[in-house]
Amino acid sequence: RNDFAAQEKLSKVPEAKELVPGAPLYHKWVLYRARSRNEIVKKLGEVIHKEFPGIKFRMCTSALVPGETFAESWSGLDVKGMEPLVDEFLNMHYCSGKNFFDMLELNRKELKKPQRVLCDPAEDLFQYYNRYTPEKLRQNIIATYALGTRNLTLYPTDYYDAGYLTVLVRSFNAVAQV
């Protein structure tokens, strides 16, 4: 908070209660945190490229969401601001159906770096795994390839029942034929 106060030229260091949603400084605080995170990302990328030449710096992060600014998103990450700092994105698209299609289209339009789409139908939390069914995951896979991203990633530690496994085999076989 000291650095934030200095950057914003505040007369005093704000208390935590002055930085919560609805407080007058909240929006500036979110922007400050995003800039700070991107500085960390920049330094990390510099170290990776220096110490491991030829290795791509892939950032796993939240995806851009239609109708939201990064300051309003659940993560508060400035993904577009990260673009010059990374080689590739692995964006978390934890949804399906129209929300997935719209999010995928926005990310393809706004981000120029290569992207991998991450879905997690076996997520431990109900608020995430209830967004999927085997058929919705099939739609996500086909849409990802049809819209040109050509890379949908699942967690290697996920576990699936026969319904999901059947859909995964059929869906990836279908896009492999194109």
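**Description of the sheet that holds strand 2 (residues 88–92)**
Taken in spatial order, the 4 strands make up an open sheet running 1-2-3-4, and their pairing is parallel. Across the chains shown, the open sheet's two edge strands, defined by having one partner strand only, are strand 1 (58–62) and strand 4 (152–153).

**Digging into the nonpolar core**
In this structure, Phe 100, Cys 119, Leu 137, Ile 141, Leu 152 and Leu 154 are the most contacted members of the largest nonpolar core, which totals 24 residues. Where this core is concerned, the elements lending two or more residues are strand 2, helix 4 (98–110), strand 3 (115–118), helix 6 (134–146) and helix 7 (162–176). The element that contributes the greatest number of residues to this core is helix 6, accounting for 4 residues. Look past the residues within four positions of Cys 119 in its chain and what remains in contact with it is His 93, Tyr 94, Phe 100, Tyr 132, Leu 137, Asn 140, Leu 152, Thr 153, Leu 154 and Tyr 155. Among the nonpolar cores identified, the runner-up in size contains 11 residues, and Val 41, Met 59, Leu 64 and Leu 111 belong to it.

**A closer look at unusual backbone geometry**
In this structure, Lys 9 is a non-glycine residue whose phi angle is positive, near 55 degrees. Of note, Lys 9 is situated in the loop between helix 1 (2–7) and helix 2 (26–51). The exposure class of Lys 9 is exposed, given its relative accessible area of 73%.

**Looking at the packing of helix 4 against helix 6**
As a packed pair, helix 4 and helix 6 sit with axes 10 Å apart at the nearest point and diverge in direction by 20 degrees. On the basis of their axis angle, the class for helix 4 and helix 6 is roughly parallel. Note on packing geometry: the crossing formed by helix 4 with helix 6 is right-handed. Here helix 4 contributes Phe 100, Phe 101 and Leu 104 to the contact with helix 6, which in turn contributes Gln 139, Asn 140, Ala 143 and Thr 144. Counted by class, the contact of helix 4 with helix 6 contains 4 nonpolar, 3 polar and no charged residues.

**Considering the pattern of salt bridges**
Taken as a whole and judged by the stated rule, the model has 9 salt bridges. In this structure, the salt-bridge partner of Glu 18 is Lys 12, at a minimum N-O distance of 3.1 Å. Take Glu 18: its relative accessible area is 25%, and that puts it in the partly exposed class. Residue Lys 12 is classed as partly exposed on the basis of its relative accessible area, which comes to 46%. In this structure, Glu 15 engages Lys 17 in a salt bridge whose closest nitrogen and oxygen atoms are separated by 3.9 Å.

What counts and how
Residues numbered from 1 in each chain as written. Predicted model: local features only at pLDDT ≥ 70, side-chain atom pairs only at ≥ 80, totals over all residues. Heavy atoms only, no water. Pairing = 2+ DSSP bridges. Helix = DSSP H or I, 4+ residues; strand = E, 2+ residues; numbered from the N terminus. Core = buried A, V, L, I, M, F, W, Y, C linked by side-chain atoms within 4.5 Å. Buried < 20%, exposed > 50% of the residue type's maximum accessible area, 1.4 Å probe, protein only. Contact = heavy atoms within 4.5 Å. Axes fitted to C-alpha atoms, helices over the stretch in contact; angles between N-to-C directions. Parallel < 35°, antiparallel > 145°, perpendicular 65-115°, else oblique. Left-handed = near helix turned anticlockwise from the far one by under 90°. Nonpolar A, V, L, I, M, F, W, Y, C, P; charged D, E, K, R; others polar. Salt bridge = Lys/Arg side-chain N within 4 Å of Asp/Glu carboxyl O.

Scope: geometric values only; no functional claims are made or implied.
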